[in-house]
Amino acid sequence: MEFTEAYKQTGPCCFSPNSRYVAAAVDYRLVIRDTFSFKVVQLFSCLDKISFIEWALDSEYILCGLYKRPMIQAWSLTQPEWTCKIDEGPAGIAYARWSPDSRHILTTSEFQLRLTVWSLLNTACVHVQWPKHGSRGVCFTKDGKFAAICTRRDCKDYVNLLSCHSWEIMGTFAVDTVDLADIEYSPDDSALVIWDSPLEYKVLIYSPDGRCLFKYQAYESGLGVKSVSWSPCGQFLAVGSYDQMLRVLNHLTWKTFAEFMHLSTVRAPCCAAVFKEVDEPLHLGMSELSLSEEFLQGNSDAAEEPYRVRYEIMEVPISLPFQKPQADKPNPKQGIGVMSWSNDSQYIYTRNDSMPTALWIWDIHHLELAAILVQKDPIRAAAWDPTCTRLVLCTGSSHLYIWSPAGAYCVSNPLPQFSITDLKWNSDGSCLLLKDRDSFCCAAMPLLPESSEYSSDE
């Protein structure tokens, strides 16, 4: 792997959808770099510190959320002199997002008073009253023709279907939820999944015309759904719950065909490979020893024994680090809080929030646990390669941890004092964006061979 130098950032950073650019917020400035040379190609100055950025799908426009104002500013890469400013006045702005056509911006006001669709082509705007949430409760079909927006009025939840061409409401239907949490179109746009708040276990499948196709409730009298995710192929729907169970439904009958439990002790029979992060001291020969400048100046850190990080394959049974949630505090740290599918829909990774240092990787084709990655520190972020079955994660250390069906290994970041707290792939899987607290860098990822044997360290 090859790493770039570190570049300054004070907020959000992300690749453009076409992978040609990387945008980074530096206080009130938006810096756009080319991903080949990493030279600055555009520099935009906003009116306040940038809290949020999002690229339009065509990579021609980018919006900046200045939530302290509150205000939205949008910029064009092809027409640097063009500018756009959106100010909702006293209503404020809680969240902003692009429409699929990259020519409209949707903003949600504070206190969910209204959602507004702003056109970049003319001065027209459309209002939808009483959106359910600020950043959630809005989804688009994959072809970008329709939007589903959740609203609430008279103590009842509704779904409004809008045309993304005219932004007229095509239909509205009530949903059987107590307190709707979120909504998502299936990858083939044939169904909508809606789930309730954690206080009520309820997952509802609706057709786009408002017919309820299926109601799923795994249990009663307990905290319910924590995360929901469609597989990229659209055949599976994964539901993570507070009972530390992952359940997978099929798209034909909407019945559960797999239930995966996350136990703190993994026992036989278990075919999964358990990789545990360990520190291994480096024993240097006399020819490799030298007195560095830091050592001569009395730097105690330089005198520490050098070591390398690697994975060790563990035998079962094995006990995983477990944190008992505090009963007297809300939003307990337990249950499946993080999950994501691989691009081929064969694997899904999960993290049980009461075991934050362990990442579970499940094989859906064989309905079994494929691997467990046990880290020294809580997992900050994990992401699948968008082009192949390869998973990268970080824990706030200076290392990257990479898993594929062939094995797992660790890669050290050569940049000094760089702790990786977040990571993102570009769209073609050739590059990773790595974030530290006040800087970022990029790493070129080698192509994954068709069949390869990885050692547990690198």
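Anything mentioned here points back to the structure above.
In this report, we go over the structure that sits alongside the text. (Residues numbered from 1 in each chain as written. Predicted model: local features only at pLDDT ≥ 70, side-chain atom pairs only at ≥ 80, totals over all residues. Heavy atoms only, no water.)

### So, a nonpolar patch on the surface
Test applied: What makes a patch is a set of residues exposed beyond 30% relative accessible area and free of salt bridges, joined within 9 Å when like-charged and within 5 Å when nonpolar (Val, Leu, Ile, Met, Phe, Trp, Tyr). Note on areas: Shrake-Rupley, 1.4 Å probe, and residue coverage restricted to the protein chains presented here. Each reported salt bridge corresponds to a side-chain nitrogen of Lys or Arg within 4 Å of a carboxyl oxygen of Asp or Glu. Numbering of helices and strands runs from the N terminus, with a helix taken as a DSSP run of H or I at least four residues long and a strand as a DSSP run of E at least two residues long. Only protein chains enter the accessibility calculation, which uses a 1.4 Å probe; a residue is then buried when its area is under 20% of its type maximum, exposed when over 50%, and partly exposed in between.
On the surface, Phe111, Leu113 and Trp130 cluster together to form a nonpolar patch covering roughly 370 Å² of accessible area. Relative to the helices and strands, Leu113 is located in the loop between β12 (104–108) and β13 (114–119). In this structure Leu113 comes out as partly exposed when scored by relative accessible area, which is 36%.

### Here's the deal with the pairing of strand β41 (residues 439–444)
Note the threshold: When DSSP locates at least two bridges between a pair of strands, those strands are taken to pair.
Most of β41 is tucked away, with five of its six residues classed as buried. Here strand β1 (residues 2–3) runs beside β41; their pairing, made up of two bridges, is antiparallel. If you follow Glu2 over to β41, its bridge partner there is Ala444. As judged from the five bridges shared by strand β40 (residues 431–435) and β41, these two strands associate in the antiparallel manner. What sits directly across from Leu432, in β41, is Ala443. Remark: three residues form the turn of the hairpin made by β40 and β41, two consecutive strands paired antiparallel.

### Describing the sheet that holds β13
The condition that has to hold: Lines fitted to the C-alpha atoms define the axes, with helices restricted to the stretch that makes contact. Angles between their N-to-C directions range from 0 to 180 degrees.
Across the sheet, which stays open at both edges, the four strands sit in the order β11-β12-β13-β14 with antiparallel pairing between neighbours. Each of the sheet's edge strands pairs with one partner strand only, and the pair in question is β11 (95–98) and β14 (125–129). Recorded for the sheet is a direction-independent mean angle of 20° between the axes of neighbouring strands. Here four bridges tie β11 to β12, and the two strands are oriented antiparallel to one another. The residue of β12 that forms the bridge with Arg97 is Leu106.

### Quick notes on the side chain of His104
Counted only if it meets this: By the criterion applied in these results, polar contacts are pairs of N or O atoms within 3.5 Å in which, for protein atoms, one can donate a hydrogen and the other can accept it, and in which residues neighboring in sequence qualify only through two side-chain atoms. Only heavy atoms matter for contacts: two residues are in contact if any of them lie within 4.5 Å across the pair.
Topologically, His104 is positioned in strand β12. Here the side chain of His104 touches Asp101 through a polar contact of 2.9 Å, side chain to side chain. Here the side chain of His104 touches Trp167 through a polar contact of 3.4 Å, side chain to side chain. Among all residues touching His104, those that are not within four sequence positions of it are Arg97, Trp98, Ser99, Val117, Trp118, Ser119 and Trp167.

### Quick notes on the packing of aromatic side chains
The criterion, for reference: Side-chain rings of Phe, Tyr and Trp, where Trp is taken by its six-membered ring, are said to pair if the distance between their centres is within 6.5 Å; with planes under 30 degrees apart they count as stacked, over 60 as edge-to-face, and otherwise as tilted. Only when the NZ atom of a Lys or the CZ atom of an Arg is both within 6 Å of the ring centre and within 35 degrees of the ring normal do we say a charge sits over the ring.
Tallied over the full model, the rule gives 21 aromatic pairs. Measuring from ring centre to ring centre gives 5.3 Å for Phe52 and Tyr95, while their planes differ by 45°; the resulting arrangement is tilted. Of this pair, Phe52 sits in strand β7 (residues 52–55) while Tyr95 sits in strand β11; the two residues are 43 residues apart in sequence, bridging distant segments of the chain. Each of the two residues, Phe52 as well as Tyr95, counts as buried. Here Arg29 stacks its cationic end above the ring of Tyr28, 5.3 Å away from the centre of that ring. Over the face of the ring belonging to Tyr158 we find Arg153, whose NZ or CZ atom lies 4.0 Å from the ring centre.

### A few points about the side chain of His262
Within the element layout of this structure, His262 appears in the loop between β26 (256–261) and β27 (265–266). At 3.1 Å, the side chain of His262 forms a polar contact with the backbone oxygen of Gln244. Looking at His262, its side chain comes within polar contact range of the side chain of Thr350, at 2.7 Å.

### Observations regarding the sheet that holds strand β18 (residues 169–174)
Strand order in the open sheet formed by four strands is β15-β16-β17-β18, with antiparallel pairing between adjacent strands. Each of the sheet's edge strands pairs with one partner strand only, and the pair in question is β15 (138–140) and β18. Across this sheet, the average inter-strand angle for adjacent strands is 20°, counted without regard to direction. Both β15 and strand β16 (residues 146–153) contribute to a ladder of three bridges, which runs antiparallel. Each residue of the ladder has a partner; that of Cys139, found in β16, is Ala148.

### Regarding the environment of Cys84
On the secondary structure map, Cys84 appears in strand β10 (residues 83–86). Between the C-alpha atom of Cys84 and that of Ile72, which follows or precedes it by 12 residues, the distance is 8.1 Å. Aside from chain neighbours lying at most four places away, what touches Cys84 is Ile72, Gln73, Ala74 and Leu120.

### Brief notes about the environment of Ser345
Tracing the backbone through its elements, the reader meets Ser345 in the loop between β31 (336–341) and β32 (347–352). Assessed through its relative accessible area of 2%, Ser345 is described here as buried. Ser345 sits 62 residues away from Gly407 along the chain, and the two C-alpha atoms are 19 Å apart. Those residues in contact with Ser345 that lie beyond four places of it in its chain are Ser231, Pro232, Cys233, Phe236, Ile364 and His365. At a separation of 3.1 Å, a polar atom in the side chain of Ser345 contacts the main-chain amide nitrogen of Cys233.

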